[in-house]
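Residues per chain, in single letters:
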Amino acid sequence: MCQRIVCRKCGKPGYLGCGNHVEQVLGDVPKAQRCSCEVQPPPRKRWFFGA
């Protein structure tokens, strides 16, 4: 299930999740007032082994 978030870049409401529930989460926000920033994947964790 998706959840509503506030974009760190623009401060507008957006969503986090699969994208299948956007209208359920942001249905009360007009499309012109929603975040339209480009989605970027979260940074990958790197594991370093050794001394």
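Structural data are supplied above this passage.
Residues numbered from 1 in each chain as written. Predicted model: local features only at pLDDT ≥ 70, side-chain atom pairs only at ≥ 80, totals over all residues. Heavy atoms only, no water.

Asker: Help me understand the overall build of the chain in this model?
Answerer: When you go through the chain residue by residue, the secondary structure sums to one helix and two strands. The order of α-helices and β-strands along the chain, N terminus first, is β-β-α. Buried residues in the chain amount to 16% of all 51 residues. Here the analysis covers contacts within the chain between residues at least 6 apart in sequence; of these, 16% occur between residues at least 24 apart. As presented, the chain carries roughly 4,900 Å² of accessible surface, and 54% of it is formed by carbon and sulfur atoms. (Helix = DSSP H or I, 4+ residues; strand = E, 2+ residues; numbered from the N terminus. Buried < 20%, exposed > 50% of the residue type's maximum accessible area, 1.4 Å probe, protein only. Contact = heavy atoms within 4.5 Å. Areas by Shrake-Rupley, 256 points an atom, 1.4 Å probe, with all protein chains shown as cover.)

Asker: How should I be thinking about the state of the cysteines in this particular structure?
Answerer: Covalent bonding between the sulfur atoms of two cysteines is what defines a disulfide. Under the counting rule described, the total for this entry stands at zero disulfides. As a non-bridged cysteine, cysteine 18 has cysteine 2 as the owner of its nearest cysteine sulfur, 3.8 Å distant. Here cysteine 37 stays free of any disulfide, with the sulfur of cysteine 7 as its closest cysteine sulfur at 3.8 Å. (Disulfide = S-S within 2.5 Å.)

Asker: Please clarify how the side chain of arginine 34 should be interpreted in this entry.
Answerer: Structurally, the position occupied by arginine 34 is in the segment after helix H1 (22-26). Only 3.1 Å separates the side chain of arginine 34 from the side chain of glutamate 23, close enough to count as a polar contact. Those residues in contact with arginine 34 that lie beyond four places of it in its chain are Lys12, Pro13, Val22, Glu23, Leu26, Gly27 and Val29. (Polar contact = N/O pair within 3.5 Å; in protein donor to acceptor, adjacent residues only side chain to side chain.)

Asker: Just checking my understanding: could you explain the pattern of salt bridges for this structure?
Answerer: Think of it this way: side chains of opposite charge can pair up when their charged atoms draw near. Evaluation of the coordinates by the stated rule reveals two salt bridges. Two residues, arginine 4 and aspartate 28, come together in a salt bridge whose shortest N-O distance is 2.4 Å. Of this pair, arginine 4 sits in strand S1 (residues 3-6) while aspartate 28 sits in the segment after H1; the two residues are 24 residues apart in sequence, bridging distant segments of the chain. Assessed through its relative accessible area of 59%, aspartate 28 is described here as exposed. Residue arginine 34 is joined to glutamate 23 by a salt bridge in which the shortest nitrogen-to-oxygen separation is 3.1 Å. Taken together, the positions of arginine 34 in the segment after H1 and glutamate 23 in helix H1 put the pair 11 residues apart, joining distant regions of the chain. On the accessibility criterion, arginine 34 (11% relative accessible area) is buried. Under the relative-accessibility criterion, glutamate 23 is labelled partly exposed at 46%. (Salt bridge = Lys/Arg side-chain N within 4 Å of Asp/Glu carboxyl O.)

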